[in-house]
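Listed below are the residues making up each chain.
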Amino acid sequence: MALGSYIRFFLGIALSLEILRLWITGGAVSMIAIILSVAFLILSAAYFAFRF
């Protein structure tokens with residue numbers, strides 16, 4: 001992957017973790033955002049697990 005792809009990938013992980021942090025601490029986050037962030041984190045973990 002190119003450098004831009006890695007940057008987008010890590011920003012996506014950071015945003016997903018921030019959404020989950022807000023949800024856990026009681027912040028107002030839509031259920032769709034929570035589901036998408038969990039799905040992104042699972043897919044990211046699967047990517048790394050099966051790539052190496």
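Each value, and the rule that gives it
- Residues numbered from 1 in each chain as written.
- Predicted model: local features only at pLDDT ≥ 70, side-chain atom pairs only at ≥ 80, totals over all residues.
- Heavy atoms only, no water.
- Patch = residues over 30% accessible without salt bridge, like charges linked within 9 Å, V, L, I, M, F, W, Y side chains within 5 Å.
- Areas by Shrake-Rupley, 256 points an atom, 1.4 Å probe, with all protein chains shown as cover.
- Salt bridge = Lys/Arg side-chain N within 4 Å of Asp/Glu carboxyl O.
- Helix = DSSP H or I, 4+ residues; strand = E, 2+ residues; numbered from the N terminus.
- Buried < 20%, exposed > 50% of the residue type's maximum accessible area, 1.4 Å probe, protein only.
- Expected span 1.5 Å × (residues − 1).
- Arc of directions from axis to C-beta.
- Contact = heavy atoms within 4.5 Å.

Engineer: Before we go on, may I ask you to explain a nonpolar patch on the surface in this structure?
Structural biologist: On the surface, a cluster of nonpolar side chains totalling about 530 Å² of accessible area is made up of Tyr 6, Phe 10, Tyr 47, Phe 48 and Phe 52. At the level of secondary structure, the elements contributing two or more residues to the nonpolar patch comprise helix H1 (3-24) and helix H2 (31-51). Examined against the element boundaries, Phe 48 turns out to sit in helix H2. You can call Phe 48 partly exposed: its relative accessible area is 33%.

Engineer: Looking at this model, I keep getting lost on H1. Mind explaining?
Structural biologist: Along an α-helix, residues three or four apart share an orientation, since each turn contains 3.6 residues. When the terminal C-alpha atoms of H1 are compared, their 32 Å separation across 22 residues agrees well with the 32 Å that a helix rising 1.5 Å per residue should span. Inspection of H1 places Phe 9, Gly 12, Ile 13, Ser 16 and Leu 20 among the buried residues, and these make up the whole buried set. All buried residues of H1 project into a common sector of 95° when viewed along the axis, lining one side. In H1, the exposed residues that point more than 90 degrees away from the buried face are Leu 3, Arg 8, Leu 11 and Leu 15. Looking at the buried positions of H1, the neighbouring elements they touch are H2. At the C-terminal side of H1, Gly 26 shows a positive phi close to 95°.

Engineer: What exactly am I supposed to notice about the side chain of Ser 44 here?
Structural biologist: Looking at the secondary structure, you find Ser 44 in helix H2. Among the residues examined, Ser 44 registers a relative accessible area of 5% and is labelled buried. Apart from residues lying up to four places away in sequence, Ser 44 is in contact with Phe 9 and Ile 13.

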